[in-house]
Amino acid sequence: MATRLVDLFRRSGLAEGAHVTEQWAADALEVSRTPVRKAMLFLTEVGILDRVPNRGFFLTRDASALARPDLGDGEDVEQTAYFEIADDHVGGRFTGSFTSADISRRYRLTPRQADRVLSRMEAEDLVRRKAGGRGWEFQHVMATAEAHDQSYRFRMIVEPAALLEPGFTVDAEAFARHRQQQEALLHGDILLLPRAELFQVNATFHEMLVGCSGNPFLLDAVRRQNRLRRLIEYRHQVDRSRLAGQAREHLRLLDLVEGGDLKKASAFLHRHLNEVRSVKTGVVDEA
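A brief look at the structure comes next. (Residues numbered from 1 in each chain as written. Predicted model: local features only at pLDDT ≥ 70, side-chain atom pairs only at ≥ 80, totals over all residues. Heavy atoms only, no water.)

Things to note about the packing of aromatic side chains
Note the threshold: In this scheme Phe, Tyr and Trp rings, the latter by its six-membered ring, pair at centre separations within 6.5 Å, and the angle between planes marks the pair as stacked below 30 degrees, edge-to-face above 60, and tilted otherwise. A helix here means a DSSP run of H or I that spans at least four residues, while a strand means a run of E at least two residues long, and both kinds are numbered starting from the N terminus. Throughout, exposure labels follow a simple rule: accessible area from a 1.4 Å probe, protein chains only, divided by the maximum for the residue type, with under 20% read as buried, over 50% as exposed, and the rest as partly exposed.
All told, the structure shown has five aromatic pairs when counted by the stated rule. Ring plane angle 45 degrees and centroid distance 6.1 Å describe the contact between Phe94 and Tyr107, whose orientation is recorded as tilted. In this pair, Phe94 sits in the loop between helix H4 (77-90) and helix H5 (100-106) while Tyr107 sits in the loop between H5 and helix H6 (111-123), placing the two residues 13 residues apart along the sequence. Take Phe94: its relative accessible area is 6%, and that puts it in the buried class. The buried category is assigned to Tyr107, whose relative accessible area is 4%. For the ring pair Phe98 and Phe138, a centre distance of 5.3 Å and an interplane angle of 50 degrees mean the geometry is tilted. Of this pair, Phe98 sits in the loop between H4 and H5 while Phe138 sits in strand S5 (residues 136-138), and the two are 40 residues apart along the sequence.

With respect to the environment of Glu207
Applicable threshold: Only heavy atoms enter the contact rule, under which two residues are in contact if any of them lie within 4.5 Å.
Inspection of the secondary structure puts Glu207 in helix H9 (residues 195-211). With 206 residues separating them in the primary sequence, Glu207 and Met1 have C-alpha atoms 32 Å apart. Apart from the residues lying within four places of it in its own chain, the contact partners of Glu207 are Leu219, Val222, Arg223 and Asn226.

Examining the pairing of strand S2 (residues 49-52)
When a strand is regular, its side chains alternate between the sheet's two faces. We apply this condition: Being paired, for any two strands, means DSSP has found at least two bridges between them.
In terms of strand pairing, S2 meets strand S3 (residues 56-59) through four bridges, oriented antiparallel. Looking at the pairing, Asp50 lines up with Phe58 of S3. Hairpin connection, S2 to S3: the antiparallel pair is bridged by three residues, and Asn54 has positive phi, about 65 degrees.

Considerations on empty space enclosed by the protein
Worth spelling out the cut-off: Whether a set of points on the 1 Å grid over the protein atoms alone is a cavity depends on a 1.4 Å probe fitting there but being unable to get out, while an open set qualifies as a pocket with protein on both sides within 12 Å along at least five of seven lines; lining residues are those with an atom within 4 Å of a point. Grid points are joined across faces, edges and corners, and a volume is the space filled by probe spheres set on the points.
All chains considered together, the criterion is met by two cavities of 30 Å³ or more. Of all elements in the fold, only helix H7 (145-162), H9, helix H10 (216-236), helix H11 (243-258) and helix H12 (262-281) reach the threshold of two or more residues within the lining of the largest cavity. One number sums up the size of the second largest cavity: a volume of about 30 Å³. Taken together, Gln182, Leu185, Ile190, Leu198, Asn202, Leu243, Gln246 and Ala247 make up the full set of residues lining the second largest cavity. Elements with a contribution of two residues or more to the lining of the second largest cavity: helix H8 (172-192), H9 and H11.

What about helix H2 (residues 22-29)?
Quick reminder of the rule: By construction, the arc corresponds to the directions joining the helix axis to the C-beta atoms.
Residues of H2 that are buried: Glu22, Ala25, Ala26 and Leu29. Buried residues of H2, viewed axially, fall in a sector of 100 degrees; they line one side. Buried positions along H2 lie against helix H1 (2-12), strand S1 (19-20), helix H3 (33-45) and S3. Just downstream of H2, Glu30 is the residue with a positive phi angle, here 60 degrees.

Remarks on the packing of H2 against H3
Put simply, the rule reads: Note on geometry: axes are C-alpha line fits, over the in-contact stretch for helices, and angles between N-to-C directions span 0 to 180 degrees. A crossing counts as left-handed when the near helix is turned anticlockwise from the far one by less than a right angle, and as right-handed when that turn is clockwise. Ten residue types, Ala, Val, Leu, Ile, Met, Phe, Trp, Tyr, Cys and Pro, are classed as nonpolar, four, Asp, Glu, Lys and Arg, as charged, and the remainder, Gly among them, as polar.
Two numbers describe how H2 lies on H3: the axes approach to 9 Å, and their chain directions differ by 115 degrees. The interaxial crossing formed by H2 with H3 has right-handed handedness. Here Glu22, Gln23, Ala25 and Ala26 of H2 come into contact with H3, specifically with Arg33, Val36, Arg37 and Met40. The residue inventory of the contact of H2 with H3, partitioned by class, reads four nonpolar, one polar and three charged.

Digging into the nonpolar core
The following threshold applies: In these notes, a set of buried Ala, Val, Leu, Ile, Met, Phe, Trp, Tyr and Cys residues joined through side-chain atoms within 4.5 Å is what counts as a nonpolar core.
Ranked by internal contacts, the top residues of the largest apolar core, which has 54 residues, are Leu5, Phe9, Leu43, Ile48 and Leu59. With eight residues, the single largest contributor to this core is H11. With near-sequence residues (within four places) excluded, Ile48 lies in contact with Val6, Leu43, Phe58, Leu59, Thr60, Arg61, Leu66, Gly188, Leu191 and Leu192.

Notes on the side chain of Asp88
In this structure, Asp88 sits in helix H4. Owing to a relative accessible area of 14%, Asp88 belongs among the buried residues under this scheme. Apart from residues lying up to four places away in sequence, Asp88 is in contact with Arg93, Phe94, Arg106 and Tyr107.

Overview of H4
Let me state the cut-off plainly: To estimate the expected span of a helix, count its residues, drop one, and scale the result by 1.5 Å.
Between its first and last C-alpha, H4 extends 20 Å over 14 residues, near the 20 Å set by a 1.5 Å rise per residue. Listed as buried for H4 are Gln79, Ala81, Tyr82, Phe83, Ile85, Ala86, Asp88, His89 and Val90.

Right under this line is the structure:
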């Protein structure tokens, strides 16, 4: 509903400061006011709307700036095909080796489009060329809920421990860059970034923290996990409703580390990963 509202704002050509009423949006989208109100509160949470007491909701920027690169109605056929391939593979509907012509035929792409999609997936370590260069195959990736749960349990062991390494040192420049990225998520990027970029922002945040440990083996382990879980995480990025809370926790984590309380930061990171794990895998037992 939030993404439909963003589309409505853009189609209506609303300017910064425009008053957006629940009834207008509900009438335009032909739905009741209840889901519209929930969506508007979410847009407030991520900085696209501003809620003024006793006055209502107001747009914080021109609607023309609210681009949603991978949430539209399939305007980018390569982007659409990319995520269809990912969903089909994770869902077990597309396995084994294949050719560029198979991709072109199955996902309604021109040969050049198919080659570009495969080049992108190769650059992200999702597929690789078969020996001899004849055809393609998927890299080993996580494709089951059990493996996803085990991945988070592994991260719950490695990442909090990295903060307690004797060589841990804050990289002030990296911390400032990632703080800016997390704050941008809370000012609209949660809804506006493509899935791949959204994943990258959060994956590199965790890699940055582990990298500050000074232990290259820990960093290599986390990077490897990120490569393995990329496709299954893309599926979760379709529902962005919980990402604002995660971004705030990332900012809290930066505060704890920069404040020098690494034990508290380590415990906080462990809880953070466990909560995300329970949401994404459906396993709610205490770890």
